[in-house]
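Summary of the model geometry
What follows is the residue order along each chain.
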Amino acid sequence: MSKISTDTGNFIGERLCLDFANTVSWHNSDNPKERLINYGKLVEWSRYADILSSPQQKRLHEKANHHPDQAAKVLEEAIELREAIFRLFRSIAAGLETNPLDRAILNTYLTKAYSLAEIVPKESKYALSFQKGEHELDYMLWPIMQSAIDLLLSEKLDRIKQCEGEPCGWLFFDSSRNKSRRWCSMADCGNREKARRHYKKKSNLK
Ligand SMILES: [Zn+2]
């Protein structure tokens, strides 16, 4: 599936957990714009993110239609987890200590994720699978958790960055060779920031 830009997310984070954190626009501002406005959008995003197959997406949609209250609760949990992930990685990107309350939220979801996890053979290696819970409305949360755990335990925390375009707030994993990426996208915040600096320079000359 195309991962470039949808109304649920833009997939510029280079890590699943960061793309999930970016399902809010202007995350660093006083008026962030929520993109996961209902459970259906969470499922749609999960399909774009390749967490769900098309039949899985359809099944979860149908289940949510039969259990709207449960679906609404899952959306609430997804947003709680997402905001904890956002704040944790934002702190890491800024070189600050992470908040124990955010770690506590993550640990709650970690317990649930591990209760569903199984080691399965994958190609010539092994992987964690959460398929045991694939019929549950919250199934998409566990691969996201795994991505967050993998990233937190990795030795590449210095590659986690927050877009410098204010008040964008989007997080990304900088995979550039010399760790020089500064913006969510050059076409978006990069150009805006350049234009702003150019204007500032010009007005300073007057
Ligand atoms: Zn940006």
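The name an unreviewed UniProt entry gives the protein is Zinc finger CGNR domain-containing protein, with Oceanobacillus sojae as the organism.

1. Structural notes on unusual backbone geometry
That bond from Glu166 to Pro167 is cis: its omega, -5°, falls within 30 degrees of zero. Phi angles above zero are rare outside glycine, and Phe11 is one such case at about 55°. As for its placement among the helices and strands, Phe11 is situated in the segment before helix H1 (16–21). Given a relative accessible area of 14%, Phe11 falls into the buried group. With a phi close to 50°, Lys179 is a non-glycine residue in the positive phi region. Here Lys179 shows up in the loop between strand E6 (171–173) and helix H7 (186–205). Take Lys179: its relative accessible area is 38%, and that puts it in the partly exposed class.

2. Quick notes on the pairing of strand E4 (residues 125–129)
Relative to E4, strand E3 (residues 118–122) runs antiparallel, the two sharing five bridges. Bridge assignment links Val120 to a residue of E4, and that residue is Ala127. Hairpin connection between E3 and E4: a loop of two residues separates the two successive antiparallel strands, and Glu123 in this loop has a positive phi of roughly 50°.

3. Overview of the pattern of salt bridges
Tallying each qualifying case throughout the model produces 15 salt bridges. For Asp7, the salt bridge identified is with Lys41, shortest N-O distance 2.9 Å. Note that Asp7 is positioned in the segment before H1 and Lys41 in helix H2 (residues 39–48), a separation of 34 residues in sequence. Here Lys73 and Glu77 are joined by a salt bridge, their closest N and O atoms 2.8 Å apart. Within this pair, Lys73 and its partner Glu77 are both found in helix H4 (residues 68–93), separated by four residues, close to a single helical turn.

4. Comments concerning the confidence of the model for the protein
Of the residues in the protein, 96% have a pLDDT of 70 or more, and the chain-wide mean is 92. Between the elements of the protein, mean pLDDT differs from a low of 78, seen in H7, to a high of 98, seen in H4.

5. Points about the coordination of the zinc ion
Reference values for angles at a metal are 109.5 degrees in the four-donor tetrahedral case and 90 or 180 degrees in the six-donor octahedral case. Taken together, the protein ligands of the zinc ion are Cys163 (SG), Cys168 (SG), Cys184 (SG) and Cys189 (SG), with distances of 2.2 to 2.4 Å. With four donor atoms in place around the zinc ion and angles of 104 to 115° between them, the coordination shape is tetrahedral. Written as a sequence motif, the donor arrangement for the zinc ion is C-x4-C-x15-C-x4-C. Pair noted here: Cys163 is in the loop between strand E5 (160–162) and E6 and Cys189 is in helix H7, with a separation of 26 residues, a long-range link. Overall, the relative accessible area of 4% leaves Cys163 in the buried class. With relative accessibility at 1%, the residue Cys189 sits in the buried group.

6. Looking at the side chain of Lys41
Using a relative accessible area of 16% as the deciding quantity, one classes Lys41 as buried. Among the polar contacts made by the side chain of Lys41, one reaches the side chain of Asp7 at a distance of 2.9 Å. In this view, Lys41 contacts Asp7, Thr8, Arg35 and Leu36; residues no more than four positions away in its chain are not counted.

7. Some remarks on the packing of H4 against helix H6 (residues 141–153)
Helices that pack against each other are described as a pair by the angle of their axes relative to one another and the distance between those axes. For the pair H4 and H6, interaxial distance at closest approach is 12 Å and the crossing angle is 15°. By the angle between their directions, the pair H4 and H6 is classed as roughly parallel. Crossing of H4 against H6: the hand is left-handed. Residues Ala78, Leu81, Ile85, Phe89 and Ile92 of H4 lie in contact with H6, whose contacting residues are Leu141, Ile144, Met145, Ala148, Leu151 and Leu152. A per-class count over the contact of H4 with H6 returns eleven nonpolar, no polar and no charged.

About the cut-offs
- Residues numbered from 1 in each chain as written.
- Predicted model: local features only at pLDDT ≥ 70, side-chain atom pairs only at ≥ 80, totals over all residues.
- Heavy atoms only, no water.
- Helix = DSSP H or I, 4+ residues; strand = E, 2+ residues; numbered from the N terminus.
- Buried < 20%, exposed > 50% of the residue type's maximum accessible area, 1.4 Å probe, protein only.
- Pairing = 2+ DSSP bridges.
- Salt bridge = Lys/Arg side-chain N within 4 Å of Asp/Glu carboxyl O.
- pLDDT = per-residue confidence, 0-100.
- Donors = N, O, S within 2.8 Å, 3.2 Å for Na, K, Ca; no water.
- Tetrahedral: all angles 85-135°; square planar, octahedral: opposite > 155°, others 65-115°.
- Polar contact = N/O pair within 3.5 Å; in protein donor to acceptor, adjacent residues only side chain to side chain.
- Contact = heavy atoms within 4.5 Å.
- Axes fitted to C-alpha atoms, helices over the stretch in contact; angles between N-to-C directions.
- Parallel < 35°, antiparallel > 145°, perpendicular 65-115°, else oblique.
- Left-handed = near helix turned anticlockwise from the far one by under 90°.
- Nonpolar A, V, L, I, M, F, W, Y, C, P; charged D, E, K, R; others polar.

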